[in-house]
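Chain and residue survey
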Amino acid sequence: MASARKSRGESLLLRYLVLGTWALVCLLPILWFLSIGFRPRTEVITPQPIFWPTFSLDAWHLLMSDWPIAMYLRNSVIAVAGSVVIDLILAIPAAYALARYDFKGREDIGFYILSTRMMAPAIVAVPIFFLFKTLGLLDSVWALMLIYAAINLSLVTWIIRSYMLDIPKELEDAARTDGASDLRILWEIIIPACLPGIITAAVIAAIFAINEFLFTLLIASTANAYTMSVALANFTGGSDGIIYNAIALVSFIAFVPILILVILIQKHLSRGLTMGAVKG
Amino acid sequence: MASIHLQNIVKRYGGFVGVQNMSLEIADEEFLVLLGPSGCGKTTTMRMIAGLEVPTDGKIMIGGEVMNDVDARDRDVAMVFQGYALYPNMSIYENIRFPLRMRGVPASEHDARIRQAAEMVELGAYLDRKPAALSGGQRQRAALARAVVRQPQVFLMDEPLSNLDAKLRQSMRVQIKHMQRQLKVTTVYVTHDQIEAMTLADRIVIMNKGAIQQVGTPDEIYSDPANTFVAGFIGSPPMNLIEGTAQGGRFNAPGVSAPCPSNVQGKVTLGIRPEDCRIGGDNVQGLVYGVEPTGDTTYLTVLAGTKKIEVKAARDYRSDIDVSIGITFDPARLYFFGQDGERIRGVA
């Protein structure tokens, strides 16, 4: 009895040890970045390891005084959030049509939509630049919003469609005999039933959008439209050299909105991801 | 409340015929059961009445109005599905309320009607739960309440009990029948379970391969089958069907000899129900193949030639296998079917 209790206690200890180690491995890059971000610049680039770094707000002061970091963050949030909203407004009805309506060329249209994702972005970089120039949208957050939305639309449509395919047809039949119109069925039955899929798609689209670099660099030329991803590049060159502690701090600031988003919707997200995993 | 008329209904899927030229009259307040093996077209027929499938040809009328071009949501028809089809994101209360909202029933009436419907299926205590928190039987009752709350002209039920265990099925059966009698709503019920059909129906429609085989009351279907399909489908165990030759008022098959009407000639099939066979006598000369006591009765299988014949014996009947045995048929309960499977009627 005593030994059984002891071994259970030991196995519990072992479990926490393993999980704790794993958590440390996962968190290390983040903690590492934080520690770099709050070190003086000289200490960051020293070749010898420093076990007890000096705490310094140098990078923070640099960001706050010389760079409109709040503006970059605002641009990122507006462009990303806006693009996700556009994606969902367009993708949900499209996914529903592709999943449920029987029309000629349905599979081909579905594949065509997905195939837009297979193109290397660099191929369309120049046409996109001229397109937005003609539209007078260069150096604008709204342009970024549209571009992010366009890049992710196919993926979002496909993820949501695959969830909609899994909703039993009986549910819609029931709603129809209960007197609901197609739009009502979509709004009251389908969307709530595939909410985990919609949330998963939205988070994936947000992550892709916040990391987007090429088109952002192309469209944005001033703080009007610079986002966090492009702002990072500002610290890698110029007369001051590479400012590692500022880069680390900007990266961390860029990471915080996604972290908050994921924590808020964690329950739906993990369910959504595993559901997708089972489907394959 | 309404009657339903199906006029020469055809449903084709490409080259496959789901329902062929089906005509049926369902009276007001009638409880009609569509019975048949899976794939026989019974569910397709029901879905056409609901408006979820469009017939390729023919006319569907509910309450005297042609419904072919009327959308499912505008037909005053409530359907209960095999998989319950409860809306998973809504509480039971909201599930039952959904058809009221969709049909523009004044909000002031909702609560009273929802509670009344829930009481009818004894679900009053579970209204605030989500469907996932209910057992199979409770979910089925919630689906029934959602159909009842609208007070529709027609109930359609598509194998509503097939996902429940045997005991629950029996109690739900009684509940459905009681409810239908109480509400006096025309009901079409699809099942492949003959016990459900026999116990629930005012009339049964037996279907096979998209065509009606026979329409009749449970008694008619049981004691007056129109063909070998109906005879073999209804009854548990089903009717013995013995192929043989009739000549000069006598039916003969290996190990079997029985009187037959004089108009029965040539290759025919003799049908006899297990309960119309008695042990002893000489209509069958065979060997005991197996004995199955079930408690209230004992089923005996006799091997005559290569044919196995089921006999319902006394509850305490016991025998070893391979013992010689004779069986007598009740001469008034013999059925004869022609080579096409159709019943040969006429002078007895």
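If you're wondering where the values come from, they're calculated on a predicted model, not measured in any experiment. (Residues numbered from 1 in each chain as written. Chains lettered and ligands numbered in written order. Predicted model: local features only at pLDDT ≥ 70, side-chain atom pairs only at ≥ 80, totals over all residues. Heavy atoms only, no water.)

1. Regarding the interface of chain A and chain B
Residue-level contacts link 15 residues of chain A with 25 residues of chain B. Approximately 1700 Å² of surface area, both sides summed, lies buried where chain A meets chain B, with 58% of it carried by carbon and sulfur atoms. When the area that chain A buries against chain B is broken down by residue, the three leading residues are A:Glu170, A:Thr177 and A:Asp178, summing to 37%. Inspection of the region where chain A meets chain B yields four salt bridges. B:Arg47 is the salt-bridge partner of A:Asp173, the closest N and O atoms lying 2.8 Å from each other. Counting only elements with at least two residues in the side of chain A that touches chain B, the list comes to helix 8 (169–177) and helix 9 (182–193) of chain A. Residue composition of the side of chain A that touches chain B, grouped by class: six nonpolar, three polar and six charged. (Contact = heavy atoms within 4.5 Å. Buried area = accessible area lost by both parts, 1.4 Å probe. Salt bridge = Lys/Arg side-chain N within 4 Å of Asp/Glu carboxyl O. Helix = DSSP H or I, 4+ residues; strand = E, 2+ residues; numbered from the N terminus. Nonpolar A, V, L, I, M, F, W, Y, C, P; charged D, E, K, R; others polar.)

2. Focus on the side chain of B:Glu196
Residue and element names in this part refer to chain B. Checked against the element boundaries, glutamate 196 lands in helix 6 (residues 194–200). This buried residue, glutamate 196, is left without a salt bridge; arginine 169 holds the nearest opposite charge, at 4.5 Å. Here tyrosine 189 takes part through its side chain, which lies 2.8 Å from a polar atom of the side chain of glutamate 196. Residue contacts for glutamate 196: discarding those within four places in its chain leaves Leu161, Arg169, Arg173, Tyr189, Thr191 and Ala201. (Buried < 20%, exposed > 50% of the residue type's maximum accessible area, 1.4 Å probe, protein only. Lys, Arg positive; Asp, Glu negative; His and termini not counted. Polar contact = N/O pair within 3.5 Å; in protein donor to acceptor, adjacent residues only side chain to side chain.)

3. A look at helix 5 (residues 166–183) of chain B
All names here are of chain B. Helix length check: helix 5, at 18 residues, gives a terminal C-alpha distance of 26 Å against a target of 26 Å (1.5 Å per residue), a fit within 8%. Within the span of helix 5, buried status applies to Met172, Arg173, Gln175, Ile176, Met179 and Gln180. Where the residues of helix 5 are buried, they touch strand 3 (31–35), helix 3 (107–120), helix 4 (136–148), strand 7 (154–158), strand 8 (186–191) and helix 6. Just beyond helix 5, the residue with positive phi is lysine 184, at close to 55°. (Expected span 1.5 Å × (residues − 1).)

4. Some words on the domain arrangement of chain B
All names here are of chain B. Each assigned domain of chain B is listed here: domain 1 (4–229) and domain 2 (238–337). For domain 1 versus domain 2, the distance between C-alpha centres works out to 39 Å. Contact with domain 1, which involves seven residues of that partner, is made by seven residues of domain 2. Where domain 1 abuts domain 2, roughly 550 Å² becomes buried across the two surfaces, and 59% of that area is made up of carbon and sulfur atoms. Counting the surface domain 1 buries against domain 2, the share from its top three residues, Tyr222, Pro225 and Thr228, is 77%. Sorting elements by how many residues they give to the side of domain 1 that touches domain 2 places helix 7 (residues 218–223) first, with three residues. (Domains from an automatic or database assignment.)

5. Structural notes on the domain arrangement of chain A
Residue and element names in this part refer to chain A. Under the domain assignment, chain A is made up of domain 1 (2–37) and domain 2 (59–279). Listed per partner, the contact involves five residues of domain 1 and eight residues of domain 2. Regarding the contact of domain 1 and domain 2, the summed buried area is about 540 Å², with carbon and sulfur atoms giving 85% of it. By the criterion of area lost to domain 2, the three top residues of domain 1 are Ile30, Phe33 and Gly37, representing 67% of everything that side buries. Where domain 1 packs against domain 2, one counts zero residue pairs in polar contact (both at pLDDT 80 or more). The residue makeup of the side of domain 1 that touches domain 2, split by class, is four nonpolar, one polar and no charged.

6. With respect to the pairing of strand 10 (residues 211–216) of chain B
Residue and element names in this part refer to chain B. Bridge count for strand 9 (residues 203–208) against strand 10 is five bridges, and the pairing is antiparallel. The partner of asparagine 208 across the bridge, within strand 10, is alanine 211. Here strand 9 folds back onto strand 10 in antiparallel fashion, the turn holding two residues, of which lysine 209 has a positive phi close to 50°. (Pairing = 2+ DSSP bridges.)

7. Comments concerning the nonpolar core
In terms of nonpolar packing, the biggest core is built from 94 residues, with A:Ile160, A:Met164, B:Leu34 and B:Leu156 touching the most fellow members. In terms of nonpolar packing, the next biggest core, distinct from the first, is built from 44 residues, B:Val121, B:Met172, B:Ala201 and B:Ile206 among them. (Core = buried A, V, L, I, M, F, W, Y, C linked by side-chain atoms within 4.5 Å.)

8. Let's talk about the packing of aromatic side chains
Residues and elements named next belong to chain A. Summed over all chains, the structure comprises nine aromatic pairs over all chains. Seen in terms of ring centroids, tyrosine 96 and tyrosine 101 are 5.7 Å apart; in terms of plane orientation they differ by 70°. Their pairing is edge-to-face. Taking the ring centre of tryptophan 32 as reference, the NZ or CZ of arginine 39 above it sits at 5.5 Å. The ring of tryptophan 158 is capped by arginine 161, whose NZ or CZ atom sits 4.7 Å from the centre of that ring. (Phe/Tyr/Trp six-rings, centres within 6.5 Å; stacked < 30°, edge-to-face > 60°. Lys NZ or Arg CZ within 6 Å of the ring centre and 35° of its normal.)

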